[in-house]
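Structure at a glance
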Amino acid sequence: MAAFVLAGLFEWGGGLMQPAPEDRPGRSGYEAPQGHKVPLERTPRRPLPPPSLGDMKLRVEEREKIQSGVGTAFVVSRGYWLTARHVVEGCDRLGFVVDRRHVTPIRDAAVSHPDADIALVHADAGRSPALSLGPLPDIGDAGYHYGFPGTGKGRVSSTLLGRGDLRSASLRGVGRLVLVWAETGREGVAPGSLGGISGGPTLDASGRLVGIAIASNTRRGRVSTVAPRTIQQMLSAEKVPVETMQQTGWTAAPSFSELERAGTVRQLYCKVNGQG
């Protein structure tokens, strides 16, 4: 099956999987352009309404060719990692990136959600703490997206705008329902595309998992994520135990370096035979 490229009625711009690494300078810190900022007074906090015809409509286009590339994965339970389905779909081999020359192979194949852009990877996580699943956020809540965009790594902060509805033959039911966030700032992430952050966790202000990054629109400063209900559905179907806040130890949204040092988030490499 083809990897996903997301496009929307407001020029939704591309999936978040990064092609094989190339040398490109990064920056230690970055604030979202003024046009991307969403003042909190313009996004009052209120409950997220149920799915409706008024949800933002996002169109999914499928690429004909799957290429080797990198994305992000994170620990959700002892020995289990979550990522985006389009990061692992069509890969002949998977591995965790150690550095630009070394990859630790993952022997087990990923298990993909049949109707949503989410996948489960079984691989050793050592003593790395898992992330606990949080509740559905409210409109106006803060969200933090973690991963390895471009040749860098870091955290993107945002505010929840509302729901999105992805349209595709392979995304059905709950898998079509996503959350759309407005970018408010970047830490350790250079300007431009967020390619490579795909599959990375989205945490709320209490450090709980409320999404998985699957697409963005750089010009408009938007990030689209899988909703908590879809994550719960995937974990329940595969009988993966969900961690509690007491088990994880996170009581606030950590910095990217804290998650990386703990081994909770890692860069994932997809190798397609015949490519670099």
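Nothing here was measured: the structure is a model prediction, and the numbers come from that model.

When helices and strands are tallied, the protein shows four helices and 17 strands. When burial is assessed residue by residue, the protein has 55% of its 276 residues classed as buried. Sequence separation of 24 or more characterises 78% of the internal contacts of the protein that already satisfy a separation of 6 or more. By element, 50% of the accessible surface of the protein is carried by carbon and sulfur atoms, the whole surface being about 12300 Å².

Right, let's get into the confidence of the model for the protein. Taken as a whole, the protein shows an average pLDDT of 82; of its residues, 77% reach a score of 70 or greater. The low-confidence segment residues 1-41 (pLDDT under 50) makes 137 contacts with residues lying over four places distant or belonging to another chain.

Looking now at the pattern of salt bridges. Enumeration according to the criterion identifies seven salt bridges in this entry. Asp138 serves as the salt-bridge partner of Arg45, at 3.0 Å between the closest nitrogen and oxygen. Residue Arg45 is found in the loop between β3 (29-30) and β4 (56-62), and its partner Asp138 is found in the loop between β10 (119-122) and β11 (142-147); the two are separated by 93 residues along the sequence. Given a relative accessible area of 18%, Asp138 falls into the buried group. A salt bridge links Lys153 to Glu260, with the nearest nitrogen and oxygen atoms 2.9 Å apart. Placement of the pair is Lys153 in the loop between β11 and β12 (154-167) and Glu260 in helix α4 (residues 256-262), with a sequence separation of 107 residues.

Core analysis: the biggest nonpolar cluster contains 47 residues, and Trp81, Leu82, Leu209 and Ile231 have the highest contact counts within it. Once residues lying within four places of it in the same chain are set aside, the contact partners of Leu82 are Thr72, Ala73, Phe74, Val76, Ile118, Ala119, Leu120, Gly199, Ile212, Ile231 and Leu235. Judged by nonpolar contacts, the second largest core, of seven residues, contains Leu48, Leu160, Leu179 and Ala227.

So, on to the pairing of strand β6 (residues 80-83). Judged from the three bridges that link them, strand β5 (residues 69-77) and β6 form a sheet pairing that is antiparallel. Of the residues in β6, the one forming a bridge with Val75 is Trp81. The antiparallel pairing of β5 with β6 creates a hairpin that spans two residues between the two strands, and Gly79 there sits at a positive phi of about 85°. Inspection of the sheet shows β6 paired to β10 by four bridges, in the antiparallel sense. Of the residues in β10, the one forming a bridge with Leu82 is Leu120.

Here the focus is the environment of Ser224. With respect to the helices, strands and loops of the structure, Ser224 is situated in strand β16 (residues 222-226). Along the chain, Ser224 and Val180 lie 44 residues apart, while their C-alpha atoms are 4.6 Å from each other.

Moving on: helix α2 (residues 228-237). Buried within α2 are the following residues: Pro228, Thr230, Ile231, Met234 and Leu235. Axial view of α2: buried residues confined to an arc of 160°, hence all on one face. Turned more than 90 degrees from where α2 packs its buried face, Arg229 and Ala237 sit exposed. In the segment just after α2, Lys239 is the residue with positive phi, at about 55°.

For strand β17 (residues 265-271), the tally of buried residues reaches six of seven residues, placing the bulk of the element in the interior. Of the pairings in the sheet, the one linking strand β7 (residues 93-97) to β17 comprises four bridges and is antiparallel in character. Bridging across to β17, Leu94 finds its partner in Cys270.

Quick look at the packing of aromatic side chains now. Applying the stated criterion across every chain yields a total of two aromatic pairs. Between Trp81 and Phe96, the aromatic rings sit 4.6 Å apart at their centres with planes inclined by 45°, giving tilted as the arrangement. Residue Trp81 is located in strand β6, and its partner Phe96 is located in strand β7; the two are separated by 15 residues in the primary sequence.

Phi angles above zero are rare outside glycine, and Lys239 is one such case at about 55°. Residue position: Lys239 is located in the loop between α2 and α3 (245-248). The exposure class of Lys239 is exposed, given its relative accessible area of 73%.

Our next topic: the side chain of Arg222. Secondary-structure assignment places Arg222 in strand β16. Nearest to the buried, unbridged Arg222 among oppositely charged side chains is Glu183, at 8.1 Å. A polar contact of 2.8 Å, which involves the side chain of Arg222, links it to the backbone oxygen of Arg220.

Next up on the list: the environment of Trp250. With respect to the helices and strands, the residue Trp250 is situated in the loop between α3 and α4. Trp250 gets classed as buried once you look at its relative accessible area, which sits at 13%.

The rules behind the values
Residues numbered from 1 in each chain as written. Predicted model: local features only at pLDDT ≥ 70, side-chain atom pairs only at ≥ 80, totals over all residues. Heavy atoms only, no water. Helix = DSSP H or I, 4+ residues; strand = E, 2+ residues; numbered from the N terminus. Buried < 20%, exposed > 50% of the residue type's maximum accessible area, 1.4 Å probe, protein only. Contact = heavy atoms within 4.5 Å. Areas by Shrake-Rupley, 256 points an atom, 1.4 Å probe, with all protein chains shown as cover. pLDDT = per-residue confidence, 0-100. Salt bridge = Lys/Arg side-chain N within 4 Å of Asp/Glu carboxyl O. Core = buried A, V, L, I, M, F, W, Y, C linked by side-chain atoms within 4.5 Å. Pairing = 2+ DSSP bridges. Arc of directions from axis to C-beta. Phe/Tyr/Trp six-rings, centres within 6.5 Å; stacked < 30°, edge-to-face > 60°. Lys, Arg positive; Asp, Glu negative; His and termini not counted. Polar contact = N/O pair within 3.5 Å; in protein donor to acceptor, adjacent residues only side chain to side chain.

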